[in-house]
Structures are given as structure tokens and as C-alpha cells.
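Chain by chain, the residues run as shown.
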Amino acid sequence: MMSEQLDKLRILIVDSEQKMRSLTRDMLNELGIPQVYTVGDGSRAYAELRDRQFDIIITERRMESVNGIDLTRMIRTAVDSPNPHVPILMMTAAPSLHDVTEARD
């Protein structure tokens, strides 16, 4: 029953590193989540949100141009946000207390 629920999830992975996007996608696929989309930056992620409905967004904190914090702010507060309540998981290597606090807030 759990796999029946997982295979319906649509997840967007946002990370500037191709290897991390692939690794995260492959792990989710192994868990039984086949509908995993990937993009390399926050602006492309926001555009993708306009085209598709996602159940979860997994984003890297540190990216060029539109980073994970900026993307989260856009999704949560922009007047034209396609889904301001979508759950967002933020990842980063070696986070500082400031990173964790900023992502939480």
C-alpha cells in the first residue's frame, strides 16, 4: 500500500550539481517514486512550478543566481506563486547555524 502512495508523488529536485541531482533522483526512484524531475537552478525551478504540480520540492541551499532560500521565498510569498504551500526540503553540505535558521524561517 505504501508503494502505491509513493508512486503517485511528484517531486522536483533543484541542485546546481548534476551528480547530486542524479544521486537524489536515483535514491527516490529506488524508494518507489518514479515521478522525479530535476533542474539546475532556482529560476528554472520556479518556471517548472508553473508547468507542473509538485507534491514536494527538494532544493540545495547554495546555488548561483536564485539559491534555495530565494526560491523558497519566491514560492511562499510571490503574488503569482503557483503553489505557496508545497512542502520544501532544503539540503546543504556542512550547514551553519545561520543556514539552518534561515531555511527554517
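Structure first, text after, so check above.
Presented here is an overview of the structure given in this document. The residue numbering used here restarts from 1 in each chain and proceeds along that chain's sequence as written. Per-residue local features of the predicted model are confined to residues with pLDDT of at least 70, and side-chain atom pairs are confined, for both listing and counting, to 80 or more; whole-chain, interface and lining totals are unaffected and use all residues. The side-chain quantities take in all heavy atoms of the structure and omit both hydrogens and water.

### A few points about the overall build of the protein
Then, in step 1: Labels follow the DSSP assignment, with helices taken as runs of H or I lasting at least four residues and strands as runs of E lasting at least two, numbered in each case from the N terminus. The secondary structure content of the protein amounts to five helices and four strands.
Then, in step 2: What you see in the protein, going N to C, is helices and strands ordered as α-β-α-β-α-β-α-β-α.
Then, in step 3: As a reference, a globule follows 2.2 Å times the number of residues to the power 0.38, and the radius of gyration itself is taken over C-alpha atoms. For 105 residues, the compact-globule estimate of 2.2 N^0.38 gives 13 Å, and the C-alpha radius of gyration of the protein, at 13 Å, lies within 12% of that figure.
Then, in step 4: With the principal axes as the frame, the protein shows a C-alpha extent of 40 × 35 × 20 Å.
Then, in step 5: For the protein, the residues scored as buried account for 36% of the 105 residues in total.
Then, in step 6: Sequence-distant contacts, at least 24 apart, represent 68% of the contacts inside the protein between residues at least 6 apart.
Then, in step 7: Here the protein has roughly 6,500 Å² of accessible surface; of this, 55% comes from carbon and sulfur atoms.
Then, in step 8: We count Lys and Arg on the positive side and Asp and Glu on the negative side, and we leave His and both chain ends out. Note on charges: their place is set at NZ of Lys, CZ of Arg, CG of Asp or CD of Glu. Across the protein, the centroid of the 13 positively charged side chains sits 1 Å from that of the 17 negatively charged ones. Only protein chains enter the accessibility calculation, which uses a 1.4 Å probe; a residue is then buried when its area is under 20% of its type maximum, exposed when over 50%, and partly exposed in between. Note on definitions: a residue-residue contact is assigned when non-hydrogen atoms from the two residues lie within 4.5 Å. Computed with a 1.4 Å probe, the accessible areas rest on the Shrake-Rupley method; for each residue, only the protein chains presented here act as cover.

### Describing the packing of aromatic side chains
Then, in step 1: Stacked, edge-to-face and tilted are the three classes for Phe, Tyr and Trp ring pairs, Trp counted by its six-membered ring, which pair at centre distances within 6.5 Å; planes under 30 degrees apart are stacked, over 60 edge-to-face, the rest tilted. Enumeration according to the criterion identifies one aromatic pair in this entry.
Then, in step 2: Seen from their ring centres, tyrosine 37 and phenylalanine 54 are 5.5 Å apart, and the 80° between their planes marks the pair as edge-to-face. Of this pair, tyrosine 37 sits in strand 2 (residues 35–39) while phenylalanine 54 sits in the loop between helix 3 (42–51) and strand 3 (56–60); the two residues are 17 residues apart in sequence, bridging distant segments of the chain.
Then, in step 3: With a relative accessible area of 2%, phenylalanine 54 lands in the buried category.

### Thoughts on a nonpolar patch on the surface
Then, in step 1: Within the patch definition used here, like charges are joined within 9 Å and nonpolar side chains (Val, Leu, Ile, Met, Phe, Trp, Tyr) within 5 Å, considering only residues with over 30% relative accessible area and no salt bridge. Each reported salt bridge corresponds to a side-chain nitrogen of Lys or Arg within 4 Å of a carboxyl oxygen of Asp or Glu. A grouping of Met20, Leu23 and Met27 is seen on the molecular surface, where their side chains present a nonpolar patch of about 270 Å² in accessible area.
Then, in step 2: Classification of methionine 20 as partly exposed rests on a relative accessible area of 35%.

### Some thoughts on the nonpolar core
The nonpolar side chains of soluble globular proteins are, as a tendency, buried together.
Then, in step 1: Buried residues of nine kinds, namely Ala, Val, Leu, Ile, Met, Phe, Trp, Tyr and Cys, make up a nonpolar core once their side-chain atoms join them within 4.5 Å. Core analysis: the biggest nonpolar cluster contains 14 residues, and Leu12, Val14, Ala45, Leu49, Ile57, Leu71 and Ile75 have the highest contact counts within it.
Then, in step 2: Every element with two or more residues in this core is listed here: strand 1 (10–14), helix 3 and helix 4 (68–77).
Then, in step 3: Aside from chain neighbours lying at most four places away, what touches isoleucine 75 is Tyr46, Leu49, Ile57, Ser81, Asn83, Pro84, Val86 and Ile88.
Then, in step 4: Counting residues in hydrophobic clusters, the runner-up holds six residues, among them Ile11, Leu28, Ile33 and Val36.

### Some remarks on the pattern of salt bridges
Between side chains of opposite charge, a pair can form as their charged atoms come close.
Then, in step 1: Evaluation of the coordinates by the stated rule reveals five salt bridges.
Then, in step 2: Put simply, aspartate 26 and arginine 25 hold a salt bridge, and the shortest N to O gap is 3.2 Å.
Then, in step 3: Judged by its relative accessible area of 38%, aspartate 26 is partly exposed.

### Considering the sheet that holds strand 2
Then, in step 1: Should DSSP find at least two bridges between two strands, the strands are taken to pair. Read across the sheet, four strands follow the order 2-1-3-4 without closing on themselves; strand pairing throughout is parallel. Sheet topology places strand 2 and strand 4 (88–91) at the edges, where each strand pairs with a single neighbour. Strand-to-strand twist in this sheet, taken as the mean axis angle between neighbours without regard to direction, amounts to 15°.
Then, in step 2: Along the sheet face, helix 2 (residues 18–30) touches strand 1, strand 2, strand 3 and strand 4 and points at about 175° away from the line of strand 2.
Then, in step 3: Its contacts with the sheet put helix 3 on strand 1, strand 2 and strand 3, and the angle it makes with strand 1 is roughly 160°. Axis definition: a line fit to C-alpha positions, over the contact stretch in the case of helices; interaxial angles, taken between N-to-C directions, run 0 to 180 degrees.

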